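# Examination of the molecular architecture
Single-letter residue listing:
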Amino acid sequence: MNDAAGLEVSVRLARRGVDVELAVAPGEVLAVLGPNGAGKSTVLEIVAGLVRPDAGYVRLGGRVLTDIGAGVAIPAHRRQVSLLAQDALLFPHLTAAANVAFGPRSRGMRTRAATAVAQEWLRAVDAIEFAGRRPGELSGGQAQRVALARALAVEPRMVLLDEPMAALDVAAAPAMRSLLRRALRDAEMSSRRAGPAPSAILVTHDIVDALTLADRVVVVESGHIVEQGPVAEVLSRPRSAFAARIAGVNLLIGTAEAPASKEDSGTGVVRRGADLIRGRGESPWTPGMRAAAVFSPAAVAVYREHPEGSPRNVFHVRVAELTDRGGVIRVHAADHGDGVAGMVADLTPAAIAELRIAPGEEVYFAVKAVEVQVYPC
């Protein structure tokens, strides 16, 4: 078995519109982001062996788990893959310790040894005090800790995390996130394992999960991967509407144009419909290529009349709504005619009152070229 191979997935499932190809290196944590219904959980179910794809393969550490062409479909319990979902899904009639010991026992470990393993992992996830309790006596956060211990107790090569914090309250989620980081990263946890630390795929809607837990990100939309890369790169240079939204930036995608003059050296120009967006560009800047312009909502000034002077990029928009973001009012422009989400600007409440901005009003968004980053995509 080639341990260095990690996870390799290339699968298609027509009835769910999923067609993806991805890889996860040994010990790597991959975050999978995307809107509801994009196919994220389907990918996990295929890797776990719970759903059979129409075509393709799944390999882990050089071992073939699924190969439709060759007729290979290893059962879920023999894949060395653990799945931790939103709900803990503990056996209700068993104690926490018995739940964690279930996996090792089902793999042939003697009862006493399995009990010792369960105690060790419950201690590792700070849940040893719940060992004798049944799931009905545990809070959501406590149950999820036990579920994590159960997932790790079988020494998996791959851990699949399907929004494990989504069902937790705001107090329990940060603690669980910290625990997951320890479980996947810390040497203390690794010392409890017979083998190397597992790789992991984390499906999440929360950018904090990706920032604190993941090495890389893939963004899935409509069953396809639309962008991928290191977390910092995807968030600072998004190429999809979903990545831009979670990164909290405005994204306009169009076609690269040549700067109008030599004075614009170092400036890239992106044409989107009738708009020309100027920003800090890259060299070489090739006209005709697909390109993106990104800027922060805080960099956007809002005017009732067309502004004069230094702003280089001016957009005539209709206000769709205003939302309160804790002392900052976000002004949402109406969506573009092609369905792409409209731009947003962040203003103080005083500025909103002075400008008398309300939904339905037409205003001008302006942003200086120095505040815009443009790049090929």
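Scope of this entry: the structure provided in the associated data block.

Basis of the calculations
- Residues numbered from 1 in each chain as written.
- Predicted model: local features only at pLDDT ≥ 70, side-chain atom pairs only at ≥ 80, totals over all residues.
- Heavy atoms only, no water.
- Axes fitted to C-alpha atoms, helices over the stretch in contact; angles between N-to-C directions.
- Helix = DSSP H or I, 4+ residues; strand = E, 2+ residues; numbered from the N terminus.
- Parallel < 35°, antiparallel > 145°, perpendicular 65-115°, else oblique.
- Left-handed = near helix turned anticlockwise from the far one by under 90°.
- Contact = heavy atoms within 4.5 Å.
- Nonpolar A, V, L, I, M, F, W, Y, C, P; charged D, E, K, R; others polar.
- Pairing = 2+ DSSP bridges.
- Buried < 20%, exposed > 50% of the residue type's maximum accessible area, 1.4 Å probe, protein only.

When two helices pack together, you describe them by how their axes are tilted relative to each other and by the distance separating the axes. Viewed as axis vectors pointing N to C, helix H2 (residues 96–106) and helix H3 (residues 111–124) meet at an angle of 120°, and their least axial separation amounts to 8 Å. In this view, H2 runs oblique relative to H3, as classed from their interaxial angle. Crossing of H2 over H3 shows right-handed handedness. Contacts between H2 and H3 involve Ala96, Ala97, Val100, Ala101, Pro104 and Arg105 on the former and, on the latter, Thr111, Ala114, Thr115, Val117, Ala118, Gln119, Trp121 and Leu122. Here the residues of the contact of H2 with H3 sort into ten nonpolar, three polar and one charged.

Pairing is antiparallel in the open sheet, where five strands are placed in the order E2-E1-E4-E5-E6. Of all the strands in the sheet, just strand E2 (18–24) and strand E6 (72–73) have a single pairing partner and so form its edges. The pairing of strand E1 (residues 7–13) with E2 spans seven bridges and is classified as antiparallel. By the bridge assignment for E2, Ser10 is matched with Glu21.

We now examine the sheet that holds strand E7 (residues 81–84). With mixed pairing, six strands are arranged side by side in an open sheet as E7-E8-E9-E3-E10-E11. The outermost strands of the open sheet, each flanked by one partner alone, are E7 and strand E11 (224–230). Direction aside, the axes of adjacent strands within the sheet are offset by 15° on average. The pairing of strand E8 (residues 158–162) with strand E9 (residues 199–203) spans five bridges and is classified as parallel. Bridging across to E9, Val159 finds its partner in Ala200. Its contacts with the sheet put helix H1 (residues 40–48) on strand E3 (29–33), E7, E8, E9 and strand E10 (216–221), and the angle it makes with E8 is roughly 150°.

Quick look at H2 now. Residues Ala96, Ala97, Asn99, Val100, Ala101, Gly103 and Pro104 constitute the buried set of H2. One or two residues past the end of H2 sits Gly108, with phi positive at roughly 100°.

Read these as geometric descriptors, not functional statements.
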